[in-house]
Amino acid sequence: MEPRHSAGAEPVLRLDGITITFGDLVANDDISFDLSKGEIVALLGENGAGKTTLMNILFGHYVADTGTVEAFGTRLPPGDPAAALQAGIGMVHQHFTLADQLTVLENIILGTESLFAPGQQRRAAREKIRRLSADFGLEVDTDALISDLSVGERQRVEILKALYRDVRILILDEPTAVLTPSETEALFRTLKKLVEKGLSIIFISHKLYEVLAISDRILVLRGGRLAGTLQSAGTNRAELAALMVGDKVEETEFTSGSPGGTVFCLKNITTLHRPGRPALQDVSLDLRAGEITGLAGVSGNGQATLSAIIEGRETPQQGGIEIEGMSVRQWSPRAALGRNIGRIPEDRHAIGMIDDMNIVENVISEAYASPRFARYGILDMKAGRAFAEEIIRDYDVKCPSPDIRARLLSGGNMQKLILGRALDGDPGIILANQPTRGLDIGAVSYVHKRLIEARDRGAAILLISEDLDEVRALSDRIVVISKGRLSEPSGRGELSVRELGELMAGHGFADEGSHAA
Amino acid sequence: MEAFEILLTASFWVAAIRIASPLIFATMGELICERAGVLNLGIEGIMTVGAFAGWFTVYAGGGLWLGVFAAAFAGAMFGLLHGFLTVPLGLSQHVTGIGITLLATSMTYFTYRLLLPEVTSPPKIEPFEPFAIPGLSEIPIIGPALFNQTPLTYLAFVTVALVAWVLYRTPVGLAVRAVGENPSAVEAQGISVTAMRMGAVAAGSALMAVGGAFLTMSAFNSFFFEMINGRGWICIALVVFGSWRPGKALLGAILFAAFDAYQVRLQQVTGGIVPYQVFLMLPYVLSILALIVVARRATYPKALMIPYQKGER
């Protein structure tokens, strides 16, 4: 039996022996725990540890192979989200479940009224939402379309959606992944108010400091199993990290680079606004040899456009690119490759790899027409295979053979493959867009180590990341992007997390354009 | 200017509204399907089924309204078939829709031959008669057009108001719109995506079939092959033209019908200088132009044509 965290508190939720398998993968292996009234329990684990799967079972999105879920003493029928809602369980998914072209009000009341009621009680609904917003610090315009809201506001709508249904148990899946530091603080204040009112909360995260800051009790998941249950008051980051990984974690050593001359330069880039992507406004950025420039910012503030322009996938409305002091015409992905720019794309599956092609085909995909891999227009698969094997060996990619489809690789191994392809031939300029997103701690430190090595060889690196800790650890210089504008660059350690967070939220920008020289 | 004077004649507007009526029904039907995230290219065939089912019911001795009901029922059945293939089975909506059109059309012709093996010329029925609304129908030009039509035309306008009210003012309409935007939002709120989509496709298909029945029971008085003649495809375009909104789609249907009524009259005015085929093309050319202008900025239902599989992300 797990030690009960506080005597006398009645459990509102009890999971007992939950097991689920997907093919050969045991995603959840005999997991049991219970949740008390007014308690915040954190579910901590790496990507793939089974946190989200467990919550999807609890919420009826998946059906467990064995095990039961009990809420308020009643067993929930498996695979029935309506029953979970009925029992007072609400979930804020990591990927929001909001309909973009509907208003906030419509999203909140969806499914709360009898489907065949002849009309809607919009006034009463609006009143209730206003009351909930005021009570819990969840300000939002009820008549705005979801598509016009920021990510933080959308999350508030998700929480309101649950509260509107009078949930007693609220599950939040990686809620801070999309928030600025100050938004995270506001969320934490809201959560504290909710537990004061007697709600119980399950908070899913892989960030150690957050889990320590918000929860009463921490459940650590590793490889689908419950690796341990700890009282937040009596533990620390090192202990949690060790439990999470199952091993002592080796800290990567972050050194400073010694910058050389400017090799790549974006000059006064301006783009048009498109739905879901803010326009870049007069953005200038220099990348120097032997230096990592970190671009911090909340997702969706123009990073995707900036990255596409550097890769040559998009042409800016105004402004241009200079490489080693020469202005570049006719910029395209092929030209970028020709200039030896190494690219680690944001989305491994969408842009980085072709999931259904094999490893050999994927690693030569940037250079398949070069004399190295093709002769007289015919592919030299032997050379391709040798290259794939070289990467697999040098980058420690775990795979049975280079002939398997890329889809079968884990995220970490796929990223190592991309890293190997991008760093082949020592590129002078490297664009690393979210290079560690979704990777486990081991793979993260491997990627970091390789990037630092590349920098020390003299590469100019642009690191785009939503993880402020990563940007702060790796970058010699930090630039913040907010609503398509760039902040002045700051040196390593020059600005605090709070100051960077203010910039990420869009405060403290000069009005006239933005220049990071 | 004779070409301009056409626009001032009552008969032109009467014809425009009459031509618009079947398009209005079918466009509303397609709009409901697409709002729920299901493209229904079965529309052309479902209209054919409706045209036949309605007409045959009356021919066999049933009342006119029973005929309308029979058409709606037959349409809903084909809608359920389309829904079953595309929603729980998640098959390609394009391919399934074209299949439904081919199946429904040929089944109709086959049934026609089975039921009426001996006839050479299409038998006639007593169709809906125009019903003049006292007073209102006296208004010059628009009076006869809007208030001296058959009951089915009035029903078409009522349908638009009803569809708009259901979509924007009732919980079930909200759920339909949401399921076409983001099915996982609907699932997360405890509503069945499958039921919402199947229901919407069945209801929409019933309306399409009533649109077809208008042709055999109100515009004409008999059923003949090829009589839908691409009207279903026009309705697909009208939904886009109307940006998936009932009111705008209604305007589009009337606009298209007005072009169509206009080109017939223009042929007479120009007196054979221009080949008549050019005039026949006119409404289609204009609708393509209108699409280019209007629809490029349209916000379509985000989940349109994307099958939803539970538990998949």
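Residues numbered from 1 in each chain as written. Chains lettered and ligands numbered in written order. Predicted model: local features only at pLDDT ≥ 70, side-chain atom pairs only at ≥ 80, totals over all residues. Heavy atoms only, no water.

A. Seen up close, the overall build of chain A. Across its full length, chain A holds 17 helices and 24 strands. A globule of 517 residues ought to have a C-alpha radius of gyration of about 24 Å, and chain A, at 25 Å, matches this closely. On the principal axes, the C-alpha backbone points of chain A span a range of 70 × 55 × 50 Å. Scored against the burial criterion, the 517 residues of chain A give a buried share of 53%. Sequence-distant contacts, at least 24 apart, represent 69% of the contacts inside chain A between residues at least 6 apart. (Helix = DSSP H or I, 4+ residues; strand = E, 2+ residues; numbered from the N terminus. Rg over C-alpha atoms; globule rule 2.2 N^0.38 Å. Buried < 20%, exposed > 50% of the residue type's maximum accessible area, 1.4 Å probe, protein only. Contact = heavy atoms within 4.5 Å.)

B. Representation of the packing of helix 7 (residues 151-169) of chain B against helix 8 (residues 171-181) of chain B. Residues and elements named next belong to chain B. Relative orientation of the contacting elements helix 7 and helix 8 amounts to 80°, with a least axis distance of 5 Å. The angle between the axes of helix 7 and helix 8 places the two elements in the roughly perpendicular class. On helix 8, the residues touching V166, L167, Y168 and R169 of helix 7 are P171, V172, G173, L174, V176 and R177. Tallied by class, residues from the contact of helix 7 with helix 8 come to seven nonpolar, one polar and two charged. (Axes fitted to C-alpha atoms, helices over the stretch in contact; angles between N-to-C directions. Parallel < 35°, antiparallel > 145°, perpendicular 65-115°, else oblique. Nonpolar A, V, L, I, M, F, W, Y, C, P; charged D, E, K, R; others polar.)

C. A look at the pattern of salt bridges. All names here are of chain A. Per the counting criterion, the structure on display carries 32 salt bridges over all chains. Here K161 ties to E158 by a salt bridge, and the two come within 3.4 Å at their closest N and O atoms. With a gap of three residues between them, K161 and E158 both fall in helix 5 (residues 151-164), about one helical turn apart. In terms of burial, K161 and E158 fall into one category: buried. A salt bridge links E366 to R421; the shortest N-O distance between them is 3.8 Å. Placement of the pair is E366 in the loop between helix 12 (359-363) and strand 17 (374-375) and R421 in helix 14 (residues 411-423), with a sequence separation of 55 residues. Across the pair, R421 and E366 agree in class, each one buried. If you follow the salt bridges from partner to partner, you end up with R455, D456, D476 and R492 in one network. (Salt bridge = Lys/Arg side-chain N within 4 Å of Asp/Glu carboxyl O.)

D. Quick peek at the nonpolar core. A:L163, A:L170, A:L191 and A:I201 are the most contacted members of the largest nonpolar core, which totals 123 residues. Tallying contributions element by element places helix 10 (residues 193-219) of chain B first for this core, with 14 residues. In this view, A:L170 contacts A:G90, A:V92, A:I159, A:A162, A:L194, A:S200, A:I201 and A:I202; residues no more than four positions away in its chain are not counted. (Core = buried A, V, L, I, M, F, W, Y, C linked by side-chain atoms within 4.5 Å.)

E. A look at the interface of chain B and chain A. Between chain B and chain A, the contact holds 26 residues from the first and 35 residues from the second. A buried area of about 2400 Å², summed over both sides, lies between chain B and chain A, and 60% of it is on carbon and sulfur atoms. At the surface where chain B touches chain A, the tally comes to one salt bridge. One salt bridge in this structure joins A:E106 and B:R177, with 2.8 Å as the shortest N-O distance. Linking chain B with chain A are eight residue pairs in polar contact (both at pLDDT 80 or more), by the criterion used here. Only helix 7, helix 8 and helix 9 (183-188) of chain B provide two or more residues apiece to the side of chain B that touches chain A. Here the side of chain B that touches chain A gets seven residues from one element, more than from any other, and that element is helix 8 of chain B. Classifying every residue of the side of chain B that touches chain A gives 12 nonpolar, seven polar and seven charged. (Buried area = accessible area lost by both parts, 1.4 Å probe. Polar contact = N/O pair within 3.5 Å; in protein donor to acceptor, adjacent residues only side chain to side chain.)

F. Structural context of the sheet that holds strand 10 (residues 225-231) of chain A. All names here are of chain A. What the six strands build is an open sheet, ordered 6-7-8-3-9-10; its pairing is mixed. In the strand order of this sheet, the two ends are held by strand 6 (89-92) and strand 10, each with one partner. Looking at each pair of strands side by side, their axes are set apart by 20° on average, direction ignored. In terms of strand pairing, strand 6 meets strand 7 (residues 169-173) through four bridges, oriented parallel. Its bridge partner being in strand 7, V92 is matched across the sheet by L172. (Pairing = 2+ DSSP bridges.)

G. View of the environment of A:R455. Residue and element names in this part refer to chain A. Mapped onto the elements of the fold, R455 is located in helix 15 (residues 441-456). Residues R455 and G428, 27 residues apart in the sequence, show an inter-C-alpha distance of 9.0 Å. Discounting residues that sit within four places of it in the chain, R455 has contacts with T255, S256, G257, G290, E291, I292, I461, L474, D476 and R492.

H. Region of interest: the domain arrangement of chain A. As assigned here, chain A comprises domain 1 (11-98 + 170-245), domain 2 (259-340 + 428-517) and domain 3 (341-424). One C-alpha centre belongs to domain 1 of chain A, the other to domain 3 of chain A; they are set 37 Å apart. (Domains from an automatic or database assignment.)

I. Representation of the sheet that holds strand 4 (residues 66-71) of chain A within the structure. Residue and element names in this part refer to chain A. In space, the four strands of this open sheet follow the order 2-1-4-5, with antiparallel pairing throughout. Strands with a single pairing partner mark the edges of an open sheet, and in this sheet they are strand 2 (25-36) and strand 5 (74-75). Here strand 1 (residues 11-22) runs beside strand 2; their pairing, made up of eight bridges, is antiparallel. Along strand 2, the bridge assignment pairs F22 with L25. On the sheet, helix 1 (residues 51-58) packs against strand 1, strand 2 and strand 4 and is oriented at approximately 115° with respect to strand 1.

J. Region of interest: helix 3 (residues 43-59) of chain B. Residue and element names in this part refer to chain B. With 17 residues, helix 3 should reach 24 Å at 1.5 Å per residue; the first-to-last C-alpha distance of 24 Å fits that figure. Burial runs high along helix 3: 15 of the 17 residues are buried. Directly beyond the C-terminal end of helix 3, a positive phi value near 115° is found at G61. (Expected span 1.5 Å × (residues − 1).)

K. Geometry of the packing of aromatic side chains. Residue and element names in this part refer to chain B. Evaluation of the coordinates by the stated rule reveals 21 aromatic pairs over all chains. With a centroid separation of 5.2 Å and 10° between ring planes, the pair formed by W55 and Y59 is classed as stacked. Remark: Y59 and W55 occur in helix 3; sequence separation between them is four residues, near one turn of the helix. The class for W55 is buried, based on a relative accessible area of 0%. Ring plane angle 15° and centroid distance 4.0 Å describe the contact between Y109 and F225, whose orientation is recorded as stacked. (Phe/Tyr/Trp six-rings, centres within 6.5 Å; stacked < 30°, edge-to-face > 60°.)

L. Seen up close, the pairing of strand 11 (residues 262-270) of chain A. Alignment of strand 11 of chain A against strand 12 (residues 283-288) of chain A, held across five bridges, turns out to be antiparallel. Opposite A:F264, over in strand 12 of chain A, you have A:L287 as the bridge partner.

M. Structural context of the packing of helix 14 of chain A against helix 15 of chain A. Residue and element names in this part refer to chain A. Their axes nearest at 10 Å, the elements helix 14 and helix 15 cross at an angle of 10°. With respect to each other, helix 14 and helix 15 are oriented roughly parallel. Residue-level inspection shows G412, Q415, K416, L419 and L423 of helix 14 in contact with helix 15, the latter providing A443, Y446, V447, R450 and A454. Taken together, the residues of the contact of helix 14 with helix 15 break down into six nonpolar, two polar and two charged.

N. Quick peek at empty space enclosed by the protein. Applying the stated criterion to the full structure yields one cavity of 30 Å³ or more. When its volume is computed, the largest cavity comes out at roughly 80 Å³. Residue lining of the largest cavity: A:F59, A:L85, A:G90, A:M91, A:H93, A:T97, A:E158, A:K161, A:A162, A:R165, B:A188 and B:Q189, and that is the complete set. It is helix 5 of chain A that contributes the most residues to the lining of the largest cavity, three residues altogether. Considered class by class, the residues forming the lining of the largest cavity number five nonpolar, four polar and three charged. (1 Å grid on protein atoms, 1.4 Å probe; cavity = no way out; pocket = protein on both sides within 12 Å on 5 of 7 lines; lining within 4 Å. Points joined across faces, edges and corners; volume = space filled by probe spheres on them.)

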